[in-house]
Amino acid sequence: MAIDWLDQRREDRIRVTMVSPTDFGSAYGELEGVDLSGSSLNCAYYSDTRSGGRIRVAGGGWVRGSALRVTHEVPAAGYRRELGTWYVTADPVTRGRDGTWGQELTLQSPLWALSKHVEGRPWTVAKGASALSAMRDMLRRCGRPCDLGGARDLRAGSTLSLDESASYLRRLFELAKASGNRVDLDGLGRVTVRPYVVPAQRVPSMRVDVDASRGVVHEGVTRESTWLSMPSQSVVACKWTESQGSGRDRKGVERVITARADARGHASPAARGYTVTDYHSEPDMQPRTQARAERLARQYLARASAERVEWRLTCQYLPLWEGDVVWLSVTDGPAEYRGRRKCLVKSVELRLDTMQMGLTLKETGSPDEED
């Protein structure tokens, strides 16, 4: 049965299940005494550990050390979705005036666990080795259930090395980036590796209307942009030392090449009244020519002049998570920000009692979309 997510009459149900910390497929049972008014989940696209949260529980029902899985259900529609599976990393207990005990359980993701796991020995992936096989072996060694179906593979063109201080998460990210993949998590707590696709090239999963009569968006939509902080100019400087002469007459001569690209329109000093410089030191620039420096300055200015726009809003629960792409429909306000805006779900804050979501939506097409 399809769900009309704009229908506010639906009944949402949250279940919290205790699972084995060493085998997420083994459940201990449902956690009793959950206080949803003090429970929430969060996720962020640009966070290395992706998601986390807190669960408040009354009494002593939590099996100490167990991991927690949070599931959202809409019973009338037969809908069920695992929102995530997390480790409990803190469990402070408070005794109330009425003599009852309660706990607030801090949730951290399996990626957080990888970020804390340091082997203490240098790590090397040999030239010609499979990045996908290396990721799979690494996750198996750490006891991490994973799903690498459809991930891109790459044979290392050169030896990849990291020192003994690199965590398993850093190692995983290095391999994923080199092979064109993104690391994430599914609701069952499995580490997923999928081909990275720029958000601007992805198909939106749904439309969010700011002012629809049946809309789920609450009052208080906020827009922020970099329009007023764009640079007035980009400057590139290449500075190096050349040796001249020979023998005792040999000496070092300092050389420098500089280039500047100037912005037009609202970011120019003539319009703004002040200058904001985007400065880049390029000691390794090749070739060391004025033409190369000028080309770099223009490129840096073009990149920094692309406006970055983010929207923040609160709405009733929608089946969205970090990394999803949506259409945001805006029909009023300044003309340059109206219309259908393609956005990445940058972050989510979900209250489990009211099922209200705080969304941060980043318009796609920004030059810093890559993770």
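Residues numbered from 1 in each chain as written. Predicted model: local features only at pLDDT ≥ 70, side-chain atom pairs only at ≥ 80, totals over all residues. Heavy atoms only, no water.

1. What to know about unusual backbone geometry
So, step 1. Gln286 connects to Pro287 through a cis peptide bond whose omega is -10°.
So, step 2. With respect to the secondary-structure elements, Pro287 resides in the loop between β18 (277-281) and α5 (290-304).
So, step 3. Although it is not a glycine, Arg50 sits at a positive phi angle of roughly 70°.
So, step 4. As for its placement among the helices and strands, Arg50 is situated in the loop between β3 (34-44) and β4 (51-58).
So, step 5. One non-glycine residue, Met355, adopts positive backbone phi at about 60°. (Helix = DSSP H or I, 4+ residues; strand = E, 2+ residues; numbered from the N terminus.)

2. Digging into helix α3 (residues 168-178)
Helical periodicity: at 3.6 residues per turn, an α-helix aligns residues three or four positions apart in one direction.
So, step 1. Listed in full, the buried residues belonging to α3 are Tyr168, Leu169, Arg171, Leu172, Phe173, Leu175 and Ala176.
So, step 2. Looking at the buried residues of α3, the elements they touch are α1 (110-115), β9 (123-125), α2 (131-141), β11 (160-162), β12 (181-185) and β13 (191-195). (Buried < 20%, exposed > 50% of the residue type's maximum accessible area, 1.4 Å probe, protein only. Contact = heavy atoms within 4.5 Å.)

3. Let's talk about the packing of aromatic side chains
When we look at a pair of aromatic rings, we describe it by the centre distance and by the angle of the planes.
So, step 1. Under the counting rule described, the total for this entry stands at 4 aromatic pairs.
So, step 2. Measuring from ring centre to ring centre gives 5.7 Å for Trp5 and Tyr317, while their planes differ by 65°; the resulting arrangement is edge-to-face. One end of the pair, Trp5, is in the segment before β1 (13-20); the other, Tyr317, is in the loop between β19 (309-316) and β20 (325-330), and 312 residues separate them in sequence.
So, step 3. Centroid distance Phe24 to Tyr87: 5.4 Å. Interplanar angle 50°. Geometry classified as tilted. Of the two residues, Phe24 sits in strand β2 (residues 23-30) while Tyr87 sits in strand β6 (residues 79-90), which places them 63 residues apart along the sequence.
So, step 4. The class of Phe24 is buried, set by a relative accessible area of 8%.
So, step 5. A relative accessible area of 13% places Tyr87 in the buried class.
So, step 6. Here a set of aromatic residues connected by ring pairs shows up, and it is made of Trp5, Tyr79 and Tyr317.
So, step 7. Cation over ring: Arg171 sits above Tyr168, and NZ or CZ is 5.1 Å from the ring centre. (Phe/Tyr/Trp six-rings, centres within 6.5 Å; stacked < 30°, edge-to-face > 60°. Lys NZ or Arg CZ within 6 Å of the ring centre and 35° of its normal.)

So far we have only geometry, and geometry alone does not tell us how the molecule works.
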